[in-house]
Amino acid sequence: GDMLAYSVSSFLTAASTVVLNVVFVAVLKLGAHGMFIATMCGIAINCIYLSFKLKAWKYYKPKLVDLSLIKEVCGYSLPLVPNQISGWILSASDRTIIAKFLSVAENGVYSVANKFSNLVGTFYGFFNLAWVETVSVHYNDSDRDEFIGDMMETVSNLFVSVCVGIIAIMPFVFPVMVNQQYGNAYYQIPILLIAVIFQILVGLYSAIYIALKKSSTIARTTIAGAIINVLVNLALIRFIGLYAASISTLVSYASTALYRIDIRKYIKIKVNVKNILLNSVAVVFVTLSYYFNITILNVAALVIACIYAVGINWKLIKMFFAEIRKYKKEGN
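Residues numbered from 1 in each chain as written. Predicted model: local features only at pLDDT ≥ 70, side-chain atom pairs only at ≥ 80, totals over all residues. Heavy atoms only, no water.

A. Up close: the overall build of the protein chain. For the protein chain, the count of helices and strands is 12 helices and zero strands. Shown N-terminal to C-terminal, the secondary structure of the protein chain runs as helices and strands in the order α-α-α-α-α-α-α-α-α-α-α-α. Evaluated residue by residue, the protein chain yields a buried proportion of 36% over its 332 residues. Within the protein chain, counting contacts between residues at least 6 apart in sequence, those at least 24 apart form 78% of the total. Roughly 19900 Å² of accessible area belongs to the protein chain as shown, and the carbon and sulfur atoms make up 70% of that amount. Separation between the mean location of the 27 positive side-chain charges and that of the 15 negative ones in the protein chain comes to 4 Å. (Helix = DSSP H or I, 4+ residues; strand = E, 2+ residues; numbered from the N terminus. Buried < 20%, exposed > 50% of the residue type's maximum accessible area, 1.4 Å probe, protein only. Contact = heavy atoms within 4.5 Å. Areas by Shrake-Rupley, 256 points an atom, 1.4 Å probe, with all protein chains shown as cover. Lys, Arg positive; Asp, Glu negative; His and termini not counted. Charge placed at Lys NZ, Arg CZ, Asp CG, Glu CD.)

B. Highlighting the pattern of salt bridges. Counting across every chain of the model gives three salt bridges. The partner of Arg 144 in a salt bridge is Asp 145, and the shortest N-O contact between them spans 2.9 Å. On the basis of relative accessible area, Arg 144 is assigned to the buried category, the value being 19%. On the basis of relative accessibility, which here comes to 22%, the residue Asp 145 falls in the partly exposed class. Among the salt bridges present, the one from Lys 265 reaches Asp 262, with a minimum N-O distance of 3.8 Å. Residue classification places Lys 265 among the exposed residues on the basis of a relative accessible area of 61%. (Salt bridge = Lys/Arg side-chain N within 4 Å of Asp/Glu carboxyl O.)

C. Structural detail: helix α10 (residues 273-292). Between its first and last C-alpha atoms α10 spans 28 Å; for 20 residues at 1.5 Å apiece the expected length is 28 Å, and the two agree. Those residues of α10 lying buried are Asn 275, Asn 279, Ala 282, Val 283, Val 286, Thr 287, Ser 289 and Tyr 290. Buried residues of α10, seen end-on, are gathered within an arc of 165° and therefore sit on one face of the element. Residues of α10 that are exposed and point more than 90 degrees away from the buried face comprise Val 273, Lys 274, Leu 277, Val 281 and Phe 292. Elements in contact with the buried residues of α10: α6 (144-177), α7 (189-211) and α11 (295-312). (Expected span 1.5 Å × (residues − 1). Arc of directions from axis to C-beta.)

D. View of a negative patch on the surface. The grouping of Asp 141, Asp 143, Glu 146 and Asp 150 at the surface amounts to a negative patch. As for its position among the elements, Asp 143 is in the loop between α5 (104-138) and α6. (Patch = residues over 30% accessible without salt bridge, like charges linked within 9 Å, V, L, I, M, F, W, Y side chains within 5 Å.)

E. Geometry of the nonpolar core. By size, the foremost hydrophobic cluster in this structure holds 58 residues, and its most contacted members are Ile 148, Met 152 and Ile 208. Elements supplying a minimum of two residues to this core: α4 (80-101), α5, α6, α7, α8 (215-240), α9 (243-259), α10 and α11. Looking at which element gives the most residues to this core, the answer is α7, with 13 residues. The contacts of Met 152, once residues within four sequence positions are left out, are Trp 131, Leu 204, Tyr 205, Ile 208, Ile 263 and Ile 269. (Core = buried A, V, L, I, M, F, W, Y, C linked by side-chain atoms within 4.5 Å.)

F. Spotlight on the packing of aromatic side chains. Within the structure shown, the criterion is met by nine aromatic pairs. Consider the rings of Phe 127 and Trp 131, whose centres lie 6.0 Å apart with planes at 20°: the pair is stacked. On the criterion of helical spacing, the pair formed by Phe 127 and Trp 131 is a turn pair, its members being four residues apart in helix α5. Note on Tyr 290 and Tyr 291: the rings are 5.4 Å apart at their centroids and 80° apart in plane angle, and the pair reads as edge-to-face. A relative accessible area of 0% means that Tyr 290 is categorised as buried. Chaining the aromatic ring pairs together yields one cluster made of Phe 174, Tyr 186, Tyr 187, Tyr 290 and Tyr 291. Between the NZ or CZ atom of Arg 144 and the centre of the ring of Tyr 139, over which it lies, the distance is 4.4 Å. (Phe/Tyr/Trp six-rings, centres within 6.5 Å; stacked < 30°, edge-to-face > 60°. Lys NZ or Arg CZ within 6 Å of the ring centre and 35° of its normal.)

As far as function goes, none of this settles anything; it's purely spatial.
See below:
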């Protein structure tokens, strides 16, 4: 529950790794070996900081070793190894296939297109850490179903509106932000942003599986998603080129999210059909205007995206300002 220590340790790892990379690679000329050493040192600094910050030695008591608990933890953890590998395949296979069947230059284009969806995914990652802990802690509460359902709807609305906003504003900022030689990345961005919406849904569902200790289900669905990603990519890349990579990513995350809807067997989450339709219409409208790329239509899409974002997140916005007013009163 010590999020501050966790955040500081993550920052220390990143900062020390960057600084040591400069020292070992640029100054000491150690090349790839220097990068490897810098990575190890960054992780070591993290461990040392956390050990002293949390006084980790207080928790080490050999007489309390419980073999049955070790067995239980290993049984939970082992399925997460192929899960992590499959997650890596999902992100790395596209670039490998593009390099093999298209070119390294096309890989650069795809990398640029991914920047925007990766940014959304990174911000969700910050939330997901707290979300997983919250679901695990409160899973047995009496108001569990209502709380988790409301949170999932609120978070999905927030990130869908963010993706809709990025798609709507991209026709105006893309020519300014991206070099012309990566112009083809423009056509991949909406597909990858829609894919990240499904990726976020997958993450929201995963927290419930973790609370239930159903790590094998997490692993099984992620492995299936990775296989789907590779197969769709290989099947389409000779016919539609770079679109195959972005479409296969979308299909993979969408199929995984659809499968994980089976969490409703364990928790009663109300499906807000009106909310789903509104989000879907917003995504379809801004995406169509994006590809038509007519200035007046793009302006209309941007205005509608702003109105939609405020409307769909109105309850969250009111809560935010209520917290600010509460903080000011407490400060006075």
